[in-house]
Amino acid sequence: MDTSVKIGSLTLKNPITVASGTAGYGEELSRFVDISKIGAVFTKGLSMKPRRGNPGNRIIETPSGVLNSIGLENVGLDEFIEKKLPFLVKSGAVTIPNVAAHSVEENIELCSILSKTPGIDAIELNVSCPNVKQGGMAFGTDMCVFTELVEQAREVTSCPLIIKLSPNVTDIASFALRAEEIGADAVSAINTLLGMKIDIKSRRPHFANKVAGLSGPAVRPVAVRIVYQIYQKVKIPIVGMGGISNIEDVLEFIMAGASAVSIGTASMVEPAVSGKLAGQLEDYMKKEGISSLDEIRGAAHRV
Amino acid sequence: MAQLLSMPQLVAKDHYMMTIKMDCPSIRPGQFVNIRTNEGTDPLLRRPFSIYDADGSIIRVVIRVIGRGTEILCRMEPGEINMLAPLGNGFTVENAGEVLLVGGGVGNAPLLYLAKELKKAGNRVTYIYCSRGKNYIFGEDEFRSAVDEFLITTDDGSAGLRGFATEVAAHVISDIKFSRIYTCGPDPMMEKTVKLANPGAKVEVSVENYFGCGVGICVGCTVDTTDGYVRACVDGPVLDGRKIIWKNMPD
């Protein structure tokens, strides 16, 4: 049985990964999951300098979902390399940092340094964070800005490059196609959907940044639709995510066309879930007599 | 695997006690449990509760009913429950001589087990139990028998002294005999307790803010301190009270 997945020159041992933003730097999750047994760990969105993130309220539960406004709090590149990466390497995790800087220049610098850093297996370029005022989603919703950033990132990135797309556009597949044309090795989708919470007692937005990112089972049908649409347009692998909580959800994304999947919000509820899903996927393949995931990938398109 | 041993018991207005059997490693006072309310997706997130008491493999937690999640929990049938525990760092327990504990509302919950452990460690324990009113007081007898001095204050005067502890018992809180003060409750109460504490006293506070994951991965529960942001769930919930920047506490 072959559960492996290729992303450019990188091979993941299985398609179950943990998504940036709900995987910390691997160490927190490693209390609950053997992070060497899952496909990859996408670490928290990184900037050159440490970033404090947003003040005030940062998270609130919604019906079957979560709104967050963390604002890319992170330790910065130096501390990531010195203090966080060694643990990931020692644990045997496939490590994919998420690059999420304010400016094109800073993103390029991060890609350039990280792709030459031993222990980094691929880079996920985040053009889709809805929770920062500068950069973030602005990179992923304007085709000109997107093109310029991805072109430059590709130029300086020698390791596999994954572009994390924003669902907050009319036609996400056209962004995926552009990424493929430029030479990205994969796309990941979806980042959170733009949402909002208003506190009716204070009559004000709940979050200081007013808007926030929605994730969790509530967004899953939207994410499945988006992965399905991207698959119709591109040949590069898709890392699908959005509300995946159980093995049925994993299979739905693979059948929509995802090569790998990421577990995000579900890790907040069941920190051990990604490890369990890797095992359950093998059980499913055995039961169904499937030897390679290629047999079911994109199955929903063959009608 | 954790087992809820009986239906949650009503112990005060809006407050229920859960008695749970679990495979426990040693539990430190101030640590918490994180319980799923259902195996579906709504409510989605776990609900965190501080550990009220621990005795071998049996723990107790106090739930204040504030919404749908806690309403579901307080009606749970005995049997298996989905709980992560113990989580968080816990209070410092050592022989410091004279210590003071100040609890407010459901924030009294983590202080019973702490009081017991502090007594065991040889401390003389004074306790100020703050509550909105008589009907909201839980565990009074247990607290009384666990400590050396016990004082109740209620907002409405229906039990003990009338008013906020940080006003009517300010002289107790600021007494220079205390080398350590531990507090858990509403932010304004904890902030004032820190301000009233004699400068020589170490003050540990247990913060209660909105948790996403409870295990340090989502960075949703940050507290601003003079050392920068820390995560209440894994760097706390017990923090050095003098380092907290209270005006930046989330709602």
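Residues numbered from 1 in each chain as written. Chains lettered and ligands numbered in written order. Predicted model: local features only at pLDDT ≥ 70, side-chain atom pairs only at ≥ 80, totals over all residues. Heavy atoms only, no water.

Caption draft 1: Inspection of the sheet that holds strand β6 (residues 65-68) of chain A at higher detail. Residues and elements named next belong to chain A. Strand order in the open sheet formed by 4 strands is β5-β6-β14-β11, with antiparallel pairing between adjacent strands. Whereas interior strands pair on both sides, the edge strands pair on one side only; in this sheet they are β5 (59-62) and β11 (193-196). Pairwise comparison of adjacent strand axes, ignoring direction, gives a mean angle of 40° for this sheet. (Pairing = 2+ DSSP bridges. Helix = DSSP H or I, 4+ residues; strand = E, 2+ residues; numbered from the N terminus. Axes fitted to C-alpha atoms, helices over the stretch in contact; angles between N-to-C directions.)

Caption draft 2: Local environment of the interface of chain B and chain A. At the junction of the two partners, chain B supplies 29 residues and chain A supplies 32 residues. Across the chain B to chain A interface the summed buried area is about 2500 Å²; carbon plus sulfur atoms make up 56%. Among the residues chain B hides against chain A, the three largest losses belong to Leu44, Ile217 and Tyr229 of chain B. Together they make up 29% of the total. Note that glutamate 270 of chain A and arginine 46 of chain B form a salt bridge whose closest N and O atoms lie 3.0 Å from each other. Connecting chain B to chain A are 13 residue pairs in polar contact (both at pLDDT 80 or more). Secondary-structure elements contributing two or more residues to the side of chain B that touches chain A are β8 (83-87), β15 (222-225) and β16 (228-231) of chain B. Grouping the amino acids of the side of chain B that touches chain A by side-chain chemistry returns 15 nonpolar, 7 polar and 7 charged. (Contact = heavy atoms within 4.5 Å. Buried area = accessible area lost by both parts, 1.4 Å probe. Salt bridge = Lys/Arg side-chain N within 4 Å of Asp/Glu carboxyl O. Polar contact = N/O pair within 3.5 Å; in protein donor to acceptor, adjacent residues only side chain to side chain. Nonpolar A, V, L, I, M, F, W, Y, C, P; charged D, E, K, R; others polar.)

Caption draft 3: Highlighting the pattern of salt bridges. Inspection of the entire model under this criterion finds 28 salt bridges over all chains. A salt bridge links arginine 220 of chain A to glutamate 252 of chain A; its shortest N-O distance comes to 3.9 Å. Taken together, the positions of arginine 220 of chain A in helix α6 (residues 220-233) and glutamate 252 of chain A in helix α7 (residues 247-256) put the pair 32 residues apart, joining distant regions of the chain. We note a salt bridge from aspartate 42 of chain B to arginine 68 of chain B, for which the minimum N-O separation is 3.5 Å. A residue pair is termed long-range when its members are at least 10 positions apart, and aspartate 42 of chain B in the loop between β4 (32-35) and β5 (47-55) and arginine 68 of chain B in helix α1 (residues 68-74) qualify at 26 residues. The class of aspartate 42 of chain B is partly exposed, set by a relative accessible area of 32%. A cluster of three or more residues bridged by salt bridges with shared partners is formed by Glu270 of chain A together with Arg36, Glu39 and Arg46 of chain B. (Buried < 20%, exposed > 50% of the residue type's maximum accessible area, 1.4 Å probe, protein only.)

Caption draft 4: Molecular detail of the packing of helix α2 (residues 104-115) of chain A against helix α4 (residues 143-156) of chain A. Residues and elements named next belong to chain A. It is at 9 Å that the axes of α2 and α4 come closest, and there the two elements cross at 25°. Viewed along their axes, α2 and α4 adopt a mutual orientation that is roughly parallel. For the element pair α2 and α4, the recorded crossing hand is right-handed. Where α2 abuts α4, its residues Val104, Asn107, Ile108, Cys111, Ser112 and Ser115 lie against Glu148, Leu149, Gln152, Ala153 and Val156. Taken together, the residues that form the contact of α2 with α4 break down as 6 nonpolar, 4 polar and 1 charged. (Parallel < 35°, antiparallel > 145°, perpendicular 65-115°, else oblique. Left-handed = near helix turned anticlockwise from the far one by under 90°.)

Caption draft 5: Main features of the sheet that holds strand β8 (residues 123-126) of chain A. Residue and element names in this part refer to chain A. Spatially, 8 strands are ordered β3-β4-β7-β8-β9-β10-β15-β16 in a closed barrel, and the strand pairing comes out parallel. Taken pair by pair, the neighbouring strands of this sheet meet at an average axis angle of 25°, ignoring direction. Sheet strands in contact with α6 are β10 (186-189) and β15 (238-241), and its direction is about 165° off that of β15.

Caption draft 6: Fine view of the nonpolar core. Counting residues in each nonpolar core, the largest one holds 119 residues, and the members touching the most others are Ile163 and Ile230 of chain A. Residue contributions to this core reach at least three from each of two domains, namely domain 1 (2-87) and domain 2 (98-205) of chain B. (Core = buried A, V, L, I, M, F, W, Y, C linked by side-chain atoms within 4.5 Å. Domains from an automatic or database assignment.)

Caption draft 7: Here's a closer look at a negative patch on the surface. Taken together, the side chains of Glu105, Glu148, Glu151 and Glu155 of chain A present a region of like negative charge at the surface. For the negative patch, the element with the most residues is α4 of chain A, which contributes 3 residues. (Patch = residues over 30% accessible without salt bridge, like charges linked within 9 Å, V, L, I, M, F, W, Y side chains within 5 Å. Areas by Shrake-Rupley, 256 points an atom, 1.4 Å probe, with all protein chains shown as cover. Lys, Arg positive; Asp, Glu negative; His and termini not counted. Charge placed at Lys NZ, Arg CZ, Asp CG, Glu CD.)

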